[in-house]
Amino acid sequence: MNRMSWFNAVSLTLGFAFLYIPMVILVIFSFNESKLVTVWAGFSTKWYGELLENEAFLNAAWVTIKVAVFSSTMATVLGTIAAYVLVRGGRFMGRTLFSGMIYAPLVMPEVITGLSLLLLFIGIGLDRGVFTIVLAHTTFAMCYVSVVVSSRLVTFDRSLEEAALDLGCSPAEAFRLVTLPIIAPAVISGWLLAFTLSLDDLVIASFTSGPSATTLPIKIFSAVRLGVSPEINALSTIMISIVTVGVITASLVTKHQVARQKREEQAAERA
Amino acid sequence: MIHFQNVTKRYGEFTAIDNLTIDIYEREFYALLGPSGCGKTTLMRMLAGFETPTEGKIFLAGQDIAPVPPNKRAVNMMFQSYALFPHLSIWENIAFGLKREKMPKHDINDRVEEMLRLTRLEKFARRKPHQISGGQRQRVALARSLAKHPKLLLLDEPLGALDKKLRQDTQFELMDIQEKTGTTFVIVTHDQEEAMTVASRVAVMDHGKIIQVSTPDRIYENPNSVYVADFIGDVNLIEGTAKLNGSDSYAMSWHEGHAPLSIKSPNAFSDGQKCHLAIRPEKVAISADQPAEADNAVQGRILDIAYLGNISTYHVELPTGAVIKAQTANTRRIARRAFTWEDTVWLSWTATAGVLLAD
Amino acid sequence: MRRFVLIAIPYVWLLALFLVPFAIVLKIALSDAAVARPPYFPQFDWAEGIAAFIAELDFENFVWLTEDDLYWKAYLSSLKIAVISTFFTLLAGYPIAYGMARAPEEWRPTLMMLVILPFWTSFLIRVYAWMGILSNEGFLNQFLMWIGVISEPLTILNTNSAVYIGIVYTYLPFMILPVYSALERLDGSLIEAAEDLGCSRLTAFWLVTIPLSKTGIIAGSFLVFIPVLGEFVIPSLLGGSDTLMIGKVLWEEFFSNRDWPVASAVAVVLLLLLVIPIVLFQRNQQKQQEAE
Ligand SMILES: Nc1ncnc2c1ncn2[C@@H]1O[C@H](COP(=O)(O)OP(=O)(O)OP(=O)(O)O)[C@@H](O)[C@H]1O
Ligand SMILES: [Mg+2]
């Protein structure tokens, strides 16, 4: 269909306006001079300055990034293994339970996951802090990773692995040299997903963090509870920009790769 | 070189390979032929080490290979789907197995170049698998599996994806390579013509069992069963009962009111035993008048003519209702064909033209 | 051996950090609250043995949940909010998905990216954005007063309406994506055929498009409904003190009242509530896979 109907154009415009206007307002008012977030009083970047001097926020950001890096990396390793076991492991005892435990956290309300982990940590006398948040995030993020990776593994031609074995690879080498490079895009997107989930998480982190470790979402939440503040607007703007740049870059890179692959295939057909 | 000893493979209840004993010799081009699902791939995968026999043993050069994992076997397999590594270039694909052997770098270079020359792929060395054509991919797969000098190369329907012309070219290429390298080839194919072309010996399988193993000409001329005769090439089967008539000749009565057929057969039959005469269409002569000196001659009416270019097949209906196929080479232009539909003709063949097979 | 280790690593991890914690929740839900550290009774004691321990457990907390009508109301109002907001999300999401599926082919990847982009940005920030819009001096009221629809600011923030708006906004991508993928596969000639057979545009939409996008609608609805049921952030930021949602109740029971056994019992009931939609969702996904 070349021309969009009037109805479709309107619904798309309204829909995307609904999705984006709140964020645009947020960004605009982060440059507001006034402390009153809803009244425009001239352009200023002073809230960014204040934000950068706010030790508590910077500390929380640092904790959050540490937690996200560690937990997403561990989640990627564990989730990839879990996906491999699910898709390639054949039958083993308790396989149903295993796949249940992979899928259940995806639909489990965060409050329950958080509560149950907290009760565990208290039960075994583990002090709450960065370490417990990392454990908690790893656990629920690995399930997401394993879903992403296993959906790739399902379509993976098994004879490639067999060919590698046939040519003298040990099973571990076959995985490292053949399987992993091919499923790498899925593993990377699994990692990214785990990373953002961890960056984003408020509820589970609130349950599993201790006084020694406050993450950025916890900090934002307690600040926001008291009402709108321009500092938070500035912080949000920074976070939104990072994500936007990241997503746009990623999509441009994929687009470029797809185009190149197409060109190469066409060249091959001509040859 | 390879010896299967009473090998059975079961998947749960299902028996894919049934108590199979075969030998494959050195420098042989061995073709496995059989209908879909008869266990050809299973046999190959047991040789390559991806499946273990449920019962029985497989020996390679006198050694039981059961405890040897696939990566330690001097056996390479060329996969039906080629299984080329999509993230590696053609060059790296071919070098893949050599690198696993920790071969020195320049030796790897030499060997890969040699394989590229052999398969005429020099120009494509830097490309990725998705950047070359199907036929080229197939040659890469072959080069990759040959690069390691395997004692035994397994080819699972290697030419399945190619068109007929490319297929024939590649068949000759395969034979050429096999002669040059002296590797033992085991090839699986659906295509009996292909098996006859390339193989030095052909094994016909059915339901996990080997029915006959022999050279292509013997399989064709001397099938040991109705199944093999029917599976390989075109054949006319006439059912009847045997009666001894001299030392190795039989008179087979096949229909009341018709003279028994006289057949020479090395296989022994008792009087009155049910049997089948299997006779290839090209061994049945067709003529307008009753041939004077034929061991067997029957009269019939032409039902159908299939013109295949170089030959024509006549479907002739006998008064009994049976249809016999006769083939003649088209040495003349079609306009001057001697017979046409509904003509009454005589079919004749010699006593040694067919084989007599038990039920 | 290697296989065993490979299976064991994620298996043991999940057992220890998913299943065991869950068993603990169940156990504490059956315990009594106590002024102690940790604040519940009985504590498990190897010396006394399991039988004695189990004998101490009871369903008191669950009885309590049925007696105090706070919990009843919280469950019911969570269900109500989840159902209504799912419906509104569908209402808002369907036309967008439809417009995307009918948009020119070269636009679709960009539109797709625009839908996914908010998903990658912080949930908390997206909820927060609405606080400035919906407050009494917020942009919505400013705008409405400026165009003269109202003369007095409306109170939206800290009411259930704000919660609905927040849910629709944050969960919209979850609705759009499955519906879009169902609609995109839909063959345009089917609608032309329906029109050719005498349907009006609207009846063709009703009789052909909607039924054929049913799996997408169902999947999207569950993807919104299930997490909304246990939602905590939205009601606590946008809702008022009278906004009752079970996630919020659990949080307060735990952090404010420090009544762990009741919080655990609330969690168990919430999970029971979720079992039905999850099973239905699974069924739908399976059917869809089989259809493909
Ligand atoms: N992993 C398996 N589990 C159960 N049954 C199997 C398995 N692999 C093969 N089979 C069965 O074993 C039989 C033989 O399979 P095999 O793949 O060897 O057939 P094939 O002769 O190679 O057939 P084709 O010519 O179609 O490739 C088939 O009936 C198949 O269904
Ligand atoms: Mg096969």
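Just so you know, these numbers come straight off a predicted model, no measurement behind them.

Description of the overall build of chain A
Scanning chain A from terminus to terminus reveals 11 helices and 0 strands. Listing every helix and strand of chain A by position from the N terminus yields α-α-α-α-α-α-α-α-α-α-α. Computed over C-alpha atoms, the radius of gyration of chain A comes to 23 Å, more than 25% over the 18 Å expected from 2.2 N^0.38 for 271 residues, which places it beyond the range of a compact globule. Considered along the principal axes of its C-alpha atoms, chain A spans approximately 70 × 65 × 35 Å. Every one of the 271 residues in chain A was classed for burial, and the buried ones make up 51%.

As for the interface of chain A and chain B
On the side of chain B, 24 residues touch chain A, which itself brings 22 residues to the contact. Of the roughly 2000 Å² buried between chain A and chain B, counting both surfaces, carbon and sulfur atoms make up 61%. Area buried by chain A at its contact with chain B is led by Glu 162, Asp 166 and Leu 167 of chain A, which between them contribute 34% of it. On the surface where chain A and chain B come into contact, there are 2 salt bridges. Linking Arg 45 of chain B and Glu 162 of chain A is a salt bridge whose minimum nitrogen-to-oxygen distance equals 2.7 Å. Elements supplying a minimum of two residues to the side of chain A that touches chain B: helix 7 (158–166), helix 8 (171–200) and helix 11 (230–270) of chain A. Of the residues forming the side of chain A that touches chain B, the biggest block, 7 residues, is contributed by helix 7 of chain A. A breakdown of the residues in the side of chain A that touches chain B according to their chemical character gives 12 nonpolar, 4 polar and 6 charged.

Description of unusual backbone geometry
Residues and elements named next belong to chain B. A positive phi angle is found at Ala 83, which is not glycine, with a value near 50°. Relative to the helices and strands, Ala 83 resides in the loop between strand 6 (75–78) and helix 2 (90–100). Even without being glycine, Glu 157 reaches a positive phi, approximately 40°.

What counts as what
Residues numbered from 1 in each chain as written. Chains lettered and ligands numbered in written order. Predicted model: local features only at pLDDT ≥ 70, side-chain atom pairs only at ≥ 80, totals over all residues. Heavy atoms only, no water. Helix = DSSP H or I, 4+ residues; strand = E, 2+ residues; numbered from the N terminus. Rg over C-alpha atoms; globule rule 2.2 N^0.38 Å. Buried < 20%, exposed > 50% of the residue type's maximum accessible area, 1.4 Å probe, protein only. Contact = heavy atoms within 4.5 Å. Buried area = accessible area lost by both parts, 1.4 Å probe. Salt bridge = Lys/Arg side-chain N within 4 Å of Asp/Glu carboxyl O. Nonpolar A, V, L, I, M, F, W, Y, C, P; charged D, E, K, R; others polar.

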